[in-house]
Every structure is written in structure tokens, then in C-alpha cells.
Amino acid sequence: MGPDGALFIFSLLDEGALLCLAVYFVITLSDLECDYLNARTCCDKLNYWVVIELIAHNVLSFLLLICGHWILFLMYCPLGAWLTYKFVTKPSGDIGMFDPTEIHNQKHLKMYMRESLIRLGFHLIFFFIYLYWMIYSLVKGV
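Residues numbered from 1 in each chain as written. Predicted model: local features only at pLDDT ≥ 70, side-chain atom pairs only at ≥ 80, totals over all residues. Heavy atoms only, no water.

For the chain, the name recorded in an unreviewed UniProt entry is Protein cornichon homolog 4, with Elysia crispata as its organism. Regarding the chain, the UniProt comment filed under Subcellular location (unreviewed entry) reads as follows: "Membrane". (UniProt positions renumbered as here; feature names shortened; annotations may be inferred.)

Below, the structure written as C-alpha cells:
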């Protein structure tokens, strides 16, 4: 097993974790929408995972860049850039990416739900892309 095999095994595990995290975000936001959670609990749960998601996504982007998989890097990096931009430009008075005072505004809740569903689809597509490349690199033996 060469470096590509190790890269794609790691990327598959990382993408699987990010996929589970995206499902968790969708479930938590839908629980808030149905009033099963209060806003403070929901925001605390989601804000805990934001930095971890950001690090996991950007580490994988960096590894793709280092290993020379330029096309995969260029396809994978826009979501990481968007997440980093949102994290850096969040208002200074908010407790995190998700603020309990603003999340119940229907516009914000719908926007967060739409972004979470887009991330879910993105990670689902890339999970299967990395699965294909992992199998290809292990069979090829590079």
C-alpha cells in the first residue's frame, strides 16, 4: 500500500465522520424546528462541533494538496473555504456560529437547515468518490 492508499483510507474515514456530523446537524436543527429542543441547548450542541468540522475538513484539503491530487483538492476546497469564511466573519457578540437569540428567526433557521442539507449532500458525494479512489489505489497498488 502506497501513500495514495493511506491517503484515501484516511480521507474515507474523515469523510465518513464529516458525513455523520452533517446528519447530526440536520437532526439537531430539525429537533429545534419541531420544538423538541430549546434554542440554547441546540446552539450549544452545534457550536461544540463547528471547530472540529472546520479542522477535519481543512486537514483533508491540505493532505489532498500535499499529495498532488489537484482536481480533488479544487473540488473539495470550496466548502472548507466557505466554512472558514463563516467562522472568521461571525459577529463578535455571538457565542458561536449558531446564536440562540437569532436562531429562532425563521429566516436564520431555514438558512442553517439549507446549509446543513447542502453539506450533507456534499459529504455524501465525496464519501463515494473517496471510496472509489481508495479501492482503485489499493487494487492498483500504487
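Now that the structure has been shown, the text picks up again.
Undergrad: Help me understand the packing of aromatic side chains, please; the structure alone is not making it clear to me.
TA: By convention here, two paired aromatic rings are described through the distance between centres and the angle between planes. If you walk through the whole model with that rule in mind, you get 16 aromatic pairs. Centroid distance Tyr48 to Trp49: 5.0 Å. Interplanar angle 90 degrees. Geometry classified as edge-to-face. Under the relative-accessibility criterion, Tyr48 is labelled exposed at 56%. Grouping aromatic residues by their ring pairs yields a cluster made of Phe8, Tyr76, Phe122, Phe126, Tyr130, Tyr132, Trp133 and Tyr136. Taking the ring centre of Phe87 as reference, the NZ or CZ of Lys90 above it sits at 5.9 Å. (Phe/Tyr/Trp six-rings, centres within 6.5 Å; stacked < 30°, edge-to-face > 60°. Buried < 20%, exposed > 50% of the residue type's maximum accessible area, 1.4 Å probe, protein only. Lys NZ or Arg CZ within 6 Å of the ring centre and 35° of its normal.)

Undergrad: So what exactly am I meant to see when it comes to the pattern of salt bridges here?
TA: Close approach of charged atoms lets side chains of opposite charge pair. Under the criterion given, the structure shown has 4 salt bridges. Between Lys86 and Glu115 there is a salt bridge, with its nearest N and O atoms 2.4 Å apart. Linking Lys86 in helix α3 (residues 70–88) with Glu115 in helix α4 (residues 106–140), this pair joins segments that are 29 residues apart in sequence. Judged on exposure class, the residue Lys86 and its partner Glu115 are both buried. (Salt bridge = Lys/Arg side-chain N within 4 Å of Asp/Glu carboxyl O. Helix = DSSP H or I, 4+ residues; strand = E, 2+ residues; numbered from the N terminus.)

Undergrad: So what exactly am I meant to see when it comes to the UniProt feature "transmembrane region" (unreviewed entry) in the chain here?
TA: Mapped onto this structure's residue numbering, the UniProt feature "transmembrane region" (unreviewed entry) falls at residues 7–27, 55–77 and 117–139. Between the C-alpha atoms that bound residues 55–77 there is a distance of 12 Å. The span itself is 87% helix and 0% strand. Between the first and last C-alpha atoms of residues 117–139 the distance is 33 Å; the span itself is 100% helix and 0% strand.

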